[in-house]
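Take a look at the letters that make up each chain.
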Amino acid sequence: VLGATKHPEDLQALNRWRARLGEEKAEEVRKKAAERGTRVHAEIERELKEPTDKIYCVRTRRALGFYKKHFESLIELEAPLFHAEALYAGTGDLFAVAKEHGPTCLDWKTTDSPRGCVRHDHLVQGAAYAVAWNAMGKQPQMEAVCVVVLGPLRIQDSRWVSGEELTALVREWAQRLARFRLGP
């Protein structure tokens, strides 16, 4: 849904990037990024379930440090989500109680780009996950969204949203979902 309802400027930038690299190279970069994200997510999940001293990835160490600094208790990892009324599904990375923000949907993003940052669509995705969690009646109800961008050597960006800002993202998600259903 997010990909199909991207803002025109974002689509143009993506198309320019694909043209600059060429389709074959762009697909190779996309696959490598997906594999990297899967590996990092799996290691974070493993370490939060059963901590060990065998953390090989710098990104994972940084992610766990962020988690320990900002969260007080884990609710669920890799949670399957389904919104029965709005008819969409996904998997949320992590649901936990944040020390300063209460129940929070946290989404990890990985990047090799030195300019990697939280993008607006990342926040909309987090809002969609929080809404699905709440609609499923899971407890506690999510009150905030946090997106963390994990670079090769450091956390490159993080962003928290709650209150009116989260409400606006939820509204945008509903509008984009409706636009998606209407088609081009």
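Just so it is clear, the model here is predicted, and its values are computed rather than measured.

What counts as what
Residues numbered from 1 in each chain as written. Predicted model: local features only at pLDDT ≥ 70, side-chain atom pairs only at ≥ 80, totals over all residues. Heavy atoms only, no water. Pairing = 2+ DSSP bridges. Helix = DSSP H or I, 4+ residues; strand = E, 2+ residues; numbered from the N terminus. Axes fitted to C-alpha atoms, helices over the stretch in contact; angles between N-to-C directions. Contact = heavy atoms within 4.5 Å. Buried < 20%, exposed > 50% of the residue type's maximum accessible area, 1.4 Å probe, protein only. Right-handed = clockwise from strand over helix to strand, strands pointing away.

Student: Explain the sheet that holds strand β5 (residues 155-162) to me, please; I cannot follow it from the model alone.
Tutor: Hydrogen bonds along the backbone pair up the strands of a sheet, which may run parallel or antiparallel. Here we have five strands laid out as an open sheet, ordered β1-β2-β3-β4-β5, and mixed in their pairing. This sheet does not close on itself; its edge strands, each paired only once, are β1 (71-83) and β5. Sheet twist, expressed as the mean angle between neighbouring strand axes with direction ignored, is 25°. Sheet strands in contact with helix α4 (residues 120-135) are β1, β2 (88-98), β3 (102-110), β4 (144-150) and β5, and its direction is about 85° off that of β1.

Student: Explain the pairing of β4 to me, please; I cannot follow it from the model alone.
Tutor: In regular strands, side chains alternate between the two faces of the sheet. With respect to burial, β4 is a largely interior element, seven of its seven residues being buried. Pairing analysis gives seven bridges linking β3 to β4, with the strands arranged parallel. In the strand pairing of β4, Thr104 is matched with Ala144. The β-α-β motif built from β3, the intervening α4 and the parallel element β4 has right-handed crossover chirality. Hairpin connection from β4 to β5: four residues lie between these consecutive antiparallel strands.

Student: Sorry, what's going on with the side chain of His83 here?
Tutor: Structurally, the position occupied by His83 is in strand β1. What makes His83 buried here is its relative accessible area of 12%. With near-sequence residues (within four places) excluded, His83 lies in contact with Tyr88, Val131, Ala132 and Ala135.

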